[in-house]
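# Per-entry structural report
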Amino acid sequence: MASSSRLTVARSDDTLVDTCVLLDTLTDDPTWADWSEAAMSSAGETGSLVVNAIIYAEVAAGFEAIEDLDEALPPDLFRREPLPYHAGFLASRAFLAYRRNSGTKRSPLPDFYIGAHAAVNGYRLLTRDTARYQTYFPTLRLITPDR
């Protein structure tokens, strides 16, 4: 079913924080922890830091108890949001482009949902995965080490 309507997004200073950035700080990564902490702090000065259930689940793999995870990602610091339905459609477009580019996965990658969530809501995305997001979400405002 084709539609001529386009998704419109409001630009926001809120920032969706990618899993890799959270893991940098939670694991005290020797290469990236300082950059990730500073980038989150800077982003948090101008807007809210946001996570969704996909990011939460990816970070959860490193925790034995949900209470420990919730302490690591406190809701007063990281606003928790559901994935918008329109993001599912945008993630499917990114996945189709990935498959056309010889991608081998059979279902959409978590990064496609994360990128689509940020794009649909007009958020910035704080990530170290510059190439994938630039390729499949070229209009997304990225906060990356090389920017």
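Everything quoted here is computed from the prediction, not taken from an experiment.

## Structural notes on the nonpolar core
For soluble globular proteins, nonpolar side chains are generally found buried alongside one another. In terms of nonpolar packing, the biggest core is built from 37 residues, with Leu22, Phe112 and Phe137 touching the most fellow members. In contact with Phe137, other than residues within four places in its own chain, are Leu90, Ala94, Asp111, Phe112, Gly115, Ala116, Ala119 and Arg132.

## Things to note about the sheet that holds strand β4 (residues 124-126)
One open sheet holds the five strands; their spatial order is β3-β2-β1-β4-β5, and the pairing between them is parallel. With one partner strand each, in any of the chains shown, β3 (78-81) and β5 (141-143) form the two edges of the open sheet. Here the strands of the sheet are splayed against their neighbours by 35 degrees on average, with no regard to which way each runs. By the bridge criterion, two bridges tie strand β1 (residues 15-17) to strand β2 (residues 49-52) in an arrangement that is parallel.

## Some thoughts on the pairing of β2
Burial along β2 is two-sided: Leu49 and Val51 and Val50 and Asn52, pointing in opposite directions, are all buried. Of the strand pairs in this sheet, β2 and β3 are connected by four bridges, and their pairing is parallel. Bridge pairing in β3 links Val51 to Arg80.

## A look at the pattern of salt bridges
Under the counting rule described, the total for this entry stands at five salt bridges. Among the salt bridges present, the one from Asp14 reaches Arg79, with a minimum N-O distance of 3.0 Å. Separated by 65 residues along the polypeptide, Asp14 in the segment before β1 and Arg79 in strand β3 bring together distant segments of the chain. Judged by its relative accessible area of 29%, Arg79 is partly exposed. Across the pair Asp70 and Arg80 runs a salt bridge, and its minimum N-O distance is 3.0 Å. Highlighted residues: Asp70 in helix α4 (residues 66-72) and Arg80 in strand β3, separated in sequence by ten residues. Given the relative accessible area of 35%, Arg80 is considered partly exposed. Taken together, the shared-partner salt bridges in this structure form one network comprising Asp14, Arg79 and Glu81.

Basis of the calculations
- Residues numbered from 1 in each chain as written.
- Predicted model: local features only at pLDDT ≥ 70, side-chain atom pairs only at ≥ 80, totals over all residues.
- Heavy atoms only, no water.
- Core = buried A, V, L, I, M, F, W, Y, C linked by side-chain atoms within 4.5 Å.
- Buried < 20%, exposed > 50% of the residue type's maximum accessible area, 1.4 Å probe, protein only.
- Contact = heavy atoms within 4.5 Å.
- Pairing = 2+ DSSP bridges.
- Helix = DSSP H or I, 4+ residues; strand = E, 2+ residues; numbered from the N terminus.
- Axes fitted to C-alpha atoms, helices over the stretch in contact; angles between N-to-C directions.
- Salt bridge = Lys/Arg side-chain N within 4 Å of Asp/Glu carboxyl O.

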